[in-house]
Amino acid sequence: MSETAIQEVLSFWFDELTPRRWFAKDEALDREIALRFSSLLEAARQGELWQWRLSAKGRLAEILVLDQFSRNIHRDTPASFAQDPQALVLAQEAVANGTDRRLDASHKVFLYMPYMHSESLLVHDEALRLFDQSGLEENLRHERRHRDIIARFGRYPHRNAILGRESTPEEIVFLQEPGSSF
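Report on the accompanying structure.

The rules we used
- Residues numbered from 1 in each chain as written.
- Predicted model: local features only at pLDDT ≥ 70, side-chain atom pairs only at ≥ 80, totals over all residues.
- Heavy atoms only, no water.
- Axes fitted to C-alpha atoms, helices over the stretch in contact; angles between N-to-C directions.
- Helix = DSSP H or I, 4+ residues; strand = E, 2+ residues; numbered from the N terminus.
- Parallel < 35°, antiparallel > 145°, perpendicular 65-115°, else oblique.
- Left-handed = near helix turned anticlockwise from the far one by under 90°.
- Contact = heavy atoms within 4.5 Å.
- Nonpolar A, V, L, I, M, F, W, Y, C, P; charged D, E, K, R; others polar.
- Salt bridge = Lys/Arg side-chain N within 4 Å of Asp/Glu carboxyl O.
- Buried < 20%, exposed > 50% of the residue type's maximum accessible area, 1.4 Å probe, protein only.

## Quick notes on the packing of helix H5 (residues 84–96) against helix H7 (residues 121–131)
Okay, step 1: It is at 13 Å that the axes of H5 and H7 come closest, and there the two elements cross at 45°. Considering the angle they form, H5 stands oblique to H7. As for how H5 packs across H7, the hand of that crossing is left-handed. Residues Leu 88, Gln 92 and Val 95 of H5 pack against Val 123, Glu 126, Arg 129 and Leu 130 of H7.
Okay, step 2: When grouped by side-chain class, the residues that make up the contact of H5 with H7 number four nonpolar, one polar and two charged.

## Details of the pattern of salt bridges
Okay, step 1: Summed over the entire model, instances satisfying the criterion amount to 18 salt bridges.
Okay, step 2: Residues Arg 71 and Asp 67 are paired through a salt bridge, measuring 3.5 Å at the closest nitrogen-oxygen approach. Here Arg 71 pairs with Asp 67, and both are found in helix H4 (residues 56–73), just four residues apart, close to one helical turn. Like Arg 71, the residue Asp 67 is buried in the burial classification.
Okay, step 3: Residues joined in a network through salt bridges with shared partners are Glu 8, Glu 16, Glu 32 and Arg 36.

As structure tokens, this is what we get:
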């Protein structure tokens, strides 16, 4: 896996896609990502992209593959969240060694995204600190919403059906509210 593959991931995500498409549910986009990047996701899942971590952009690309592409490739299945712990560890290492400081704000958002996807309140407390910087104000607002859900329920209720978890009565009521799912 080469520098070319790293650049392909970054160019696809940041140049070919518009920010509006990053979080849209789009079957055509899901198929395109699966076609182009399934083999990279499998390599990342197997830990075969460790050399990517030698550069800030390589680490970011690996996190994108594990954290974002997995959600597209495996949409609405438990596999969409299966790489979350691995992506979070990569992001935590990047923060610990200062790699995040070598990225611009638009890239930091996705380096930090595994924190937002976590179902740990402790991790969300750290996410509040990370997103509280210039250029990330909108993401900080989203992180606060995510953290509030984790503080209230200890998990994301909108994942329950996909992960085969039983929803509590309070979660069922919450899921009927506008904007309760991401």
